[in-house]
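# Examining the three-dimensional arrangement
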Amino acid sequence: MENPLRGLPAPPPLGAAALPPGTYTGRVVLVTGGGTGLGKAIAAEFARLGADVVIAGRRAKQLDAACGELAAVPGAGRVAAAVCDIRDPERVSDVFDAAEAAFGPPDVLVNNAAANFPCPAEDLSPNAWRAVVDITLTGTWFMTREFARRHLAAGTPGSIVNIGASYAWTGGPGFAHSAAAKAGVKNLVETLAVEWGPYGIQINGLVPGLFPHPDMTEDIRGGLDAAAPDDRDGRQPALRVGAPRELGWAATFLASPYARFVTGHTLVVDGANWQRRSLVNPEVVSIRTQLGRGPFRP
């Protein structure tokens, strides 16, 4: 008997665009964490639509390599990079100054930069907690605040897209630091949409599902491999994982003229995986056991 399960169709090919060509011509888009992974994939889709793209990150070598890739995207505008640690508000101001000097004030900000690693909550040191929360939540706030203050002073509209995570709703066992930070990021979307909407500034969230890419950290990749060594697609309701360009298409829509009345919303792009539930819950296995750690020793 033929298997009726086919999953969601594959996306259009790399190079296709979700919006009309030139949608972002003359617009400046700033993407944090844009030198690698999903940040680079998002930046590529803005570039494909004609945007002048500034990618920010902490590692100059990665940024330089990404600039070359983005400049080669068909339809791309200009591309520049800015080295920045978003945990430092003075450096945040500098990166906006650098973007403005290169291409003009950013019209769109994509807060993609984040930090994460799996760890039982009881093992998290104060430094480990701060390392994730300071980048994921506080750094996002510093970038968002600087973007908004400049647009408020100039009386110009702008659009912000914050990259979130589904465990902002559900909790994230094994990722207490990141889940708490992403819950804060989601709340900023909902709070600031109301505060800044009257001034023409929209802000939305975008939550990725499983989008494998070469820049995934070893611990995250190792966890995925351990959980689904043979059939990662079969663990998703869509019966496939996401292609990074699909996240880029969603980001370009949320920040586009076609989504001006969409603000304060968080869009989940994960093939319904975060809503999946079993009829019978599997056996409970502690996070320590799942991560291969022995009994807790204070």
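Look up a bit, the structure's there.
Not measured: the values here are computed from a predicted model.

How each quantity is defined
- Residues numbered from 1 in each chain as written.
- Predicted model: local features only at pLDDT ≥ 70, side-chain atom pairs only at ≥ 80, totals over all residues.
- Heavy atoms only, no water.
- Helix = DSSP H or I, 4+ residues; strand = E, 2+ residues; numbered from the N terminus.
- Rg over C-alpha atoms; globule rule 2.2 N^0.38 Å.
- Buried < 20%, exposed > 50% of the residue type's maximum accessible area, 1.4 Å probe, protein only.
- Lys, Arg positive; Asp, Glu negative; His and termini not counted.
- Charge placed at Lys NZ, Arg CZ, Asp CG, Glu CD.
- Phe/Tyr/Trp six-rings, centres within 6.5 Å; stacked < 30°, edge-to-face > 60°.
- Salt bridge = Lys/Arg side-chain N within 4 Å of Asp/Glu carboxyl O.
- Pairing = 2+ DSSP bridges.
- Axes fitted to C-alpha atoms, helices over the stretch in contact; angles between N-to-C directions.
- Contact = heavy atoms within 4.5 Å.

Moving on, we come to the overall build of the protein. Tallying secondary structure elements over the protein gives nine helices and seven strands in all. For 298 residues, the compact-globule estimate of 2.2 N^0.38 gives 19 Å, and the C-alpha radius of gyration of the protein, at 19 Å, lies within 12% of that figure. Counting only C-alpha atoms and orienting by the principal axes, one finds that the protein spans roughly 55 × 55 × 40 Å. Taking all 298 residues of the protein together, 45% fall into the buried category. Of the charged side chains in the protein, 27 are positive and 28 negative; the average position of the first set lies 1 Å away from that of the second.

This part takes up the packing of aromatic side chains. Evaluation of the coordinates by the stated rule reveals four aromatic pairs. Ring plane angle 75 degrees and centroid distance 4.9 Å describe the contact between Y24 and F46, whose orientation is recorded as edge-to-face. Within this pair, whereas Y24 is found in the segment before strand 1 (28-32), its partner F46 is found in helix 1 (residues 37-48), the two being separated by 22 residues in sequence. Residue classification places F46 among the buried positions, given a relative accessible area of 0%.

Turning next to the pattern of salt bridges. Going through the model one piece at a time under the given rule, you end up with 15 salt bridges. The salt bridge partner of D52 is R78, with a shortest N-O separation of 2.9 Å. Remark: R78 occurs in the loop between helix 2 (60-71) and strand 3 (79-83) and D52 occurs in strand 2 (residues 52-57); sequence separation between them is 26 residues. Each of D97, E100, E146 and R150 takes part in salt bridges that share partners, so that together they form one network.

What follows deals with the sheet that holds strand 2. An order of 3-2-1-4-5-6-7 is seen for the seven strands of this open sheet, with the pairing classed as parallel. Both outer strands of the open sheet, strand 3 and strand 7 (266-269), are each paired with one neighbouring strand and no more. Between one strand and the next, the sheet's axes are offset by a mean angle of 20 degrees, whatever the strand orientation. Across four bridges, the pairing between strand 4 (residues 108-111) and strand 5 (residues 158-163) is parallel. Paired with V108 across the strands is S159, a residue of strand 5. The sheet strands contacting helix 2 are strand 2 and strand 3, and the helix crosses strand 3 at an angle near 170 degrees. Contacts from helix 6 (residues 176-196) reach strand 5, strand 6 (201-208) and strand 7 within the one sheet, and its direction differs from that of strand 6 by about 155 degrees.

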